[in-house]
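# Close look at the chain arrangement
Here is what each chain is made of, one letter per residue.
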Amino acid sequence: MTTELKQKEEVKPELTSAEHPATKYLREERLPHIWCSGCGLGSAVTSLTNAYEKLEIPIDDIGVVSGIGCTGRAAGYFETDSYHTTHGRAIPFATGLKLSNPEMNVTVFSGDGDLFAIGGNHFIHAARRNVDMTVICVNNYNFGMTGGQFGPTTPQGATATTSPYGNYEDPFNLPDLAASAGAIYVARWTSVHARRIQQAMEEALSKRGFSFVEILSPCPTGYGRKNDLGEGIDELKSYQDRTVIKHGSDPGDAEIERDPEAEIVVGKFVEDDRPTYCDVADDYLQGQ
Amino acid sequence: MSTEIEKEKTTEKWPTDQGYLYIREDYCKGCGYCIEFCPQEVLEESEGFNEKGYHPPEPTAIDKCVNCGFCSIICPDFAIWDEKEGSNE
Ligand SMILES: Cc1ncc(C[n+]2csc(CCOP(=O)(O)OP(=O)(O)O)c2C)c(N)n1
Ligand code: SF4
Ligand code: SF4
Ligand code: SF4
Ligand SMILES: [Mg+2]
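The rules we used
Residues numbered from 1 in each chain as written. Chains lettered and ligands numbered in written order. Predicted model: local features only at pLDDT ≥ 70, side-chain atom pairs only at ≥ 80, totals over all residues. Heavy atoms only, no water. Phe/Tyr/Trp six-rings, centres within 6.5 Å; stacked < 30°, edge-to-face > 60°. Helix = DSSP H or I, 4+ residues; strand = E, 2+ residues; numbered from the N terminus. Lys NZ or Arg CZ within 6 Å of the ring centre and 35° of its normal. Near = heavy atom within 4 Å. Nonpolar A, V, L, I, M, F, W, Y, C, P; charged D, E, K, R; others polar. Contact = heavy atoms within 4.5 Å. Buried area = accessible area lost by both parts, 1.4 Å probe. Salt bridge = Lys/Arg side-chain N within 4 Å of Asp/Glu carboxyl O. Pairing = 2+ DSSP bridges.

The tally for this structure, following the rule as stated, stands at 11 aromatic pairs over all chains. Plain terms: the ring middles of tyrosine 22 of chain B and tryptophan 81 of chain B are 5.3 Å apart, the flat faces sit at 10° to each other, and that makes the pair stacked. Taken as a pair, tyrosine 22 of chain B in strand 2 (residues 19-24) and tryptophan 81 of chain B in strand 5 (residues 80-84) lie far apart in primary sequence, 59 residues in all. Within the aromatic cluster, the residues linked to one another by ring pairs are Phe116, Phe123, Phe210 and Phe212 of chain A. Against the face of tyrosine 20 of chain B rests lysine 13 of chain B, its NZ or CZ located 4.3 Å from the ring centre. If you follow arginine 24 of chain B out to its NZ or CZ, it ends over the ring of tyrosine 27 of chain B, 3.8 Å from the centre.

Quick look at the site of ligand 2 now. Every residue close to ligand 2 is listed here: Trp35, Cys36, Cys39, Cys70, Asn140, Gly144, Cys219, Pro220 and Thr221 of chain A. Taken together, the residues that form the shell around ligand 2 break down as 6 nonpolar, 3 polar and no charged.

Time to look at the interface of chain A and chain B. With 42 residues of chain A in contact, the opposing surface of chain B contributes 38 residues. When chain A packs against chain B, close to 3,300 Å² is buried across both sides, 62% of that on carbon and sulfur atoms. Taken together, chain A and chain B are joined by 3 salt bridges. Lysine 237 of chain A is the partner of glutamate 36 of chain B in a salt bridge, and the nearest nitrogen-oxygen pair spans 3.9 Å. Secondary-structure elements contributing two or more residues to the side of chain A that touches chain B are helix 1 (2-10), strand 1 (14-16), helix 2 (41-54), helix 8 (194-206) and helix 9 (232-242) of chain A. Ranked by residues supplied to the side of chain A that touches chain B, first place goes to helix 2 of chain A with 6 residues. The class makeup of the residues in the side of chain A that touches chain B is 19 nonpolar, 16 polar and 7 charged. In terms of strand pairing, strand 1 of chain A meets strand 1 (residues 11-15) of chain B through 3 bridges, oriented antiparallel. Each bridged residue has a counterpart across the sheet, and for threonine 16 of chain A the counterpart in strand 1 of chain B is threonine 11 of chain B.

This part covers the site of ligand 3. Ligand 3 sits among Leu21, Cys38, Pro39, Gln40, Val42, Cys65, Val66, Asn67, Cys68, Gly69 and Cys71 of chain B. Its residues assigned to classes, the shell around ligand 3 shows 8 nonpolar, 3 polar and no charged.

So, in structure tokens, the structure goes:
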């Protein structure tokens, strides 16, 4: 006891102006960010900056594109080339960026609503064409920014501002959708799997072609509290219990149920190779 | 003649076995992730409040920190991170 006390007295912190390593890629003057306590977005950003750092991608070669939403605000925090596009249009913007600047490493970082409601059509066509980009979807099962409306990934039966009696629609299963549309890399993790997310991002960023990483992430403000998931920390703990890692499994079996105890499949579903949009276009046009 | 404004020293730098643990209290939003998911149980919620009204984490067993970096990646608010001696992370 006394030695313990003594130790506590001995170790004292020094005050410094050091910053979190992620801030190397961020506009520090915009921090602290606006996201709520326990929102999963900030750690998804750190996983991404860690992945850039690990892969040693020069900051000038990175383009981060978002649409609108809480997730969409991410682009505004990046000190890389970054574009905060209109709602749903992150992917077409990113496509243009890639075509005009083929050396650029293009990342789309956006929400379930932005990418799969208003922007759903762009997603399937970029995947079909195999445009070389990494799409990260932070899926918090709702439109967080506008007050918690249900959207295309809200589980059946879940409560949202616009489904006070429970959502009766059938949601998209994002890994299945991405795989069916032609993505060459598809993975899903949750916010509690921060390191796995980083690894998946490293893999996705390294692949040539259309890669997709889904992150199941807490939005305690818009979704968690209304749906028996509690605060962010409760949701993360439930993901520790609920998730089962099944690499290479059929993404068709990766549906998400509202029941906070129902199993959720995570892991890498697809890792494939096929010519990218630019490869095909170059080949074809050379033959003309 | 530097025009750069000197940054405020708001970050606590704690010495660990293999390096340092940093806590920037004013960024913390009290989600508790670092405390809950630190594999070494280094942290506890402090009694004090930061200016946002949250209780930032406090290392109550800093000698157990192994600089695994998990707090750094799970913290959504860039408020806690580590540095291994000899690395420039
Ligand atoms: C054209 C257009 N329609 C609707 C909106 C309103 N709006 C803003 S964000 C948003 C949904 C965002 O949902 P999501 O992408 O899941 O982001 P989250 O806030 O959950 O991170 C909507 C519908 C808008 N800004 N622009
Ligand atoms: S409303 Fe939800 S998604 Fe938006 S910042 Fe808050 S917790 Fe995050
Ligand atoms: S670096 Fe690892 S051991 Fe040290 S406080 Fe953070 S999570 Fe705990
Ligand atoms: S994870 Fe970050 S924001 Fe959450 S309590 Fe720890 S230091 Fe504060
Ligand atoms: Mg959302």
